[in-house]
Protein chains: 2
Amino acid sequence: MLTLYHHPFSPACRFVRLVLAEYGVRHELVIERPWERRREFLALNPGGFVPVIRENDGPPVVGAGPILEYLDETRGYSQGDRRLMPDHPDARAEMRRLNDWFLHKFEDEVVGHLVHERILKLEIPAKQGGGSPESAVLRAARANLRHHMRYIDYLSVTRKWLSGERLSFADLAAAAELSCADYLGEVPWSETEHAKAWYARMKSRPSFRPLLTEVVRGLPASATYDDLDF
Amino acid sequence: MLTLYHHPFSPACRFVRLVLAEYGVRHELVIERPWERRREFLALNPGGFVPVIRENDGPPVVGAGPILEYLDETRGYSQGDRRLMPDHPDARAEMRRLNDWFLHKFEDEVVGHLVHERILKLEIPAKQGGGSPESAVLRAARANLRHHMRYIDYLSVTRKWLSGERLSFADLAAAAELSCADYLGEVPWSETEHAKAWYARMKSRPSFRPLLTEVVRGLPASATYDDLDF
């Protein structure tokens, strides 16, 4: 059995959940609150962040990038047409560029701030930095979001899927990030119709369903969040 | 011919140069100053950062992580014992975890700040943020450096190479980052003898030589920088 240590509103963890569902990997979920710095978890990942996966008593695989490569190395070949890793090294490079773009740049400039300020700070104790959101941080993240949405819109209009002709890890990475921003009602969907059409396709995949049932206590999802025809 | 767009004191670019040298890939170097936001370069990488590689008129491969996977996919198999990618998925995961640790965490918490404040700000025009280093930033980076050196020391004493039994991409990533800090005389070598012994092995590799001849105009290298018996 594979175990995923995750937080339900960590975009990188949602990305791994989507991959596990797309590849049909049976797994169990353990919720981890990284700010608690649980000793047993730090032994798995001295960096203290999620996601981490572990197969039975095997060594931990740490971080979304290493996890995607690991899952593809161990399960990708048997997926046939559903493999999320492109075949050619050039196409793989483009997929990995976009994967890094979404899971690092989009996360660091936009979604990480929105989630931290509006969701995690509800859960984190005040003495560890929890509390009210910082409006200056939210303002900056919202301004950056418009630039990122235009880029996703551009990719959606010029390609069938974000990194090329086939669904790839990069689509799951972008959709995982966007799903957290969408829960919070932060995405100006009406400004980017191609991005919206691409995201509607992603949201209607069976792999997405479990994410759409997650809720933050005391903070209901936006009206668009679990609506497949938003 | 392969072209690498780089900056001589970008640790991620140094990492790619080490990989190219270890794999014996003929290449040419183009110096890029990312803060100039050169139009032709932004067409290769809309993110605007180095490193980027390109083979002949092929598509660009952007960022150290995608570049290492690309170089291994296209050249790794013919390297035999000198391959920098471990064979087993578990060992690859550990290599990739450490590679991300050095190129992202060590970079973001330590070396990126040291290089930006002490080297790049000499070159960047004042109106784009160049000028004198911020002492508070340097102080924080130096405090973080001690933690990272202890971690490298721990890895050096418990393993033959940082990610396991064989030299891997992770050793090159750590050494590339450290080489920039060492140029600046920032590394407290006497506190971590195992890390020092590991770095001495790295520094004496032929792939390292070209890096040791790089100089910053107006800022000579530290006494230890090009000394193989530092």
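These numbers come from a predicted model, not from an experiment.

Participant: Any chance you could explain the interface of chain B and chain A here in plain terms?
Facilitator: Interfaces are frequently sized by the accessible area removed from exposure as the parts join. Chain B puts 19 residues into the contact, and the matching count from chain A is 19 residues. With both sides pooled, the region where chain B packs onto chain A buries about 1900 Å², and carbon together with sulfur makes up 66% of that total. Summed over the shared surface of chain B and chain A, the number is four salt bridges. Counting across the interface, chain B meets chain A through four residue pairs in polar contact (both at pLDDT 80 or more). Of all the elements in the fold, those that place two or more residues in the side of chain B that touches chain A are strand 4 (61-62), helix 3 (64-75) and helix 4 (89-123) of chain B. Per-element tally for the side of chain B that touches chain A: the top contributor is helix 4 of chain B, with eight residues. Class assignment of the residues belonging to the side of chain B that touches chain A gives a composition of ten nonpolar, two polar and seven charged.

Participant: How do you make sense of the domain arrangement of chain A when you look at a structure like this?
Facilitator: Residues and elements named next belong to chain A. Domains assigned within chain A are domain 1 (2-82) and domain 2 (89-212). Tallying the contact residues gives 20 residues for domain 1 and 28 residues for domain 2. Buried surface at the junction of domain 1 and domain 2, summed over both partners, amounts to about 2100 Å²; 67% is from carbon and sulfur atoms. The largest share of the area that domain 1 buries against domain 2 comes from Phe9, Leu18 and Trp35, three residues that together contribute 33% of it. Across the domain 1-domain 2 interface, the total number found is three salt bridges. Ionic pairing is found between arginine 205 and glutamate 22, a salt bridge with its closest N-O pair at 2.8 Å. In this structure, the connection of domain 1 to domain 2 is made through seven residue pairs in polar contact (both at pLDDT 80 or more). Going through the elements one at a time, helix 1 (11-22) and helix 3 (64-75) are the ones with two or more residues in the side of domain 1 that touches domain 2. Looking at which element gives the most residues to the side of domain 1 that touches domain 2, the answer is helix 1, with nine residues. Grouping the constituent residues of the side of domain 1 that touches domain 2 by class yields eleven nonpolar, one polar and eight charged.

Participant: Teacher, can you tell me more about the pattern of salt bridges here?
Facilitator: Opposite charge on two side chains permits pairing when their charged atoms draw close. Tallied over the entire structure, the rule returns 40 salt bridges over all chains. In this structure, Lys121(A) engages Glu117(A) in a salt bridge whose closest nitrogen and oxygen atoms are separated by 2.8 Å. You can see Lys121(A) and its partner Glu117(A) sitting in helix 4 (residues 89-123), four residues apart, about one turn around the helix. Judged on exposure class, the residue Lys121(A) and its partner Glu117(A) are both buried. A salt bridge links Arg38(B) to Glu40(B), with the nearest nitrogen and oxygen atoms 3.7 Å apart. Classification of Arg38(B) by relative accessible area gives partly exposed; the value is 32%.

Participant: I would appreciate a short explanation of the sheet that holds strand 1 (residues 2-6) of chain B in the present structure.
Facilitator: The strands making up a sheet associate through hydrogen bonds between their backbones, and the pairing can be parallel or antiparallel. Residues and elements named next belong to chain B. Judged by pairing direction, the sheet is mixed, and its four strands sit side by side in the order 2-1-3-4 without closing on themselves. With one partner strand each, in any of the chains shown, strand 2 (27-31) and strand 4 form the two edges of the open sheet. Where strand 3 (residues 52-55) lies against strand 4, two bridges are found, and the strand directions are antiparallel. Considered in strand 4, the bridge of isoleucine 53 is made with valine 61. The strands that helix 1 (residues 11-22) touches are strand 1, strand 2 and strand 3; relative to strand 1, the one it contacts most, it runs at about 155°. The sheet strands contacting helix 3 are strand 1, strand 3 and strand 4, and the helix crosses strand 3 at an angle near 30°.

Participant: Help me out: how do you make sense of the packing of helix 1 of chain A against helix 6 (residues 169-183) of chain A in this one?
Facilitator: Packed helices, taken two at a time, are described by the angle their axes make and the gap between the axes. Residues and elements named next belong to chain A. In contact at an axis separation of 8 Å, helix 1 and helix 6 are set at 130° when each is read in the N-to-C sense. Between helix 1 and helix 6, the crossing angle belongs to the class labelled oblique. When the axes of helix 1 and helix 6 are compared, the crossing they make is right-handed. Side by side, helix 1 and helix 6 meet where Pro11, Arg14, Phe15, Leu18, Val19 and Glu22 of the first sit next to Phe169, Leu172, Ala173, Ala176, Glu177, Ser179 and Cys180 of the second.

Cut-offs applied
- Residues numbered from 1 in each chain as written.
- Chains lettered and ligands numbered in written order.
- Predicted model: local features only at pLDDT ≥ 70, side-chain atom pairs only at ≥ 80, totals over all residues.
- Heavy atoms only, no water.
- Contact = heavy atoms within 4.5 Å.
- Buried area = accessible area lost by both parts, 1.4 Å probe.
- Salt bridge = Lys/Arg side-chain N within 4 Å of Asp/Glu carboxyl O.
- Polar contact = N/O pair within 3.5 Å; in protein donor to acceptor, adjacent residues only side chain to side chain.
- Helix = DSSP H or I, 4+ residues; strand = E, 2+ residues; numbered from the N terminus.
- Nonpolar A, V, L, I, M, F, W, Y, C, P; charged D, E, K, R; others polar.
- Domains from an automatic or database assignment.
- Buried < 20%, exposed > 50% of the residue type's maximum accessible area, 1.4 Å probe, protein only.
- Pairing = 2+ DSSP bridges.
- Axes fitted to C-alpha atoms, helices over the stretch in contact; angles between N-to-C directions.
- Parallel < 35°, antiparallel > 145°, perpendicular 65-115°, else oblique.
- Left-handed = near helix turned anticlockwise from the far one by under 90°.

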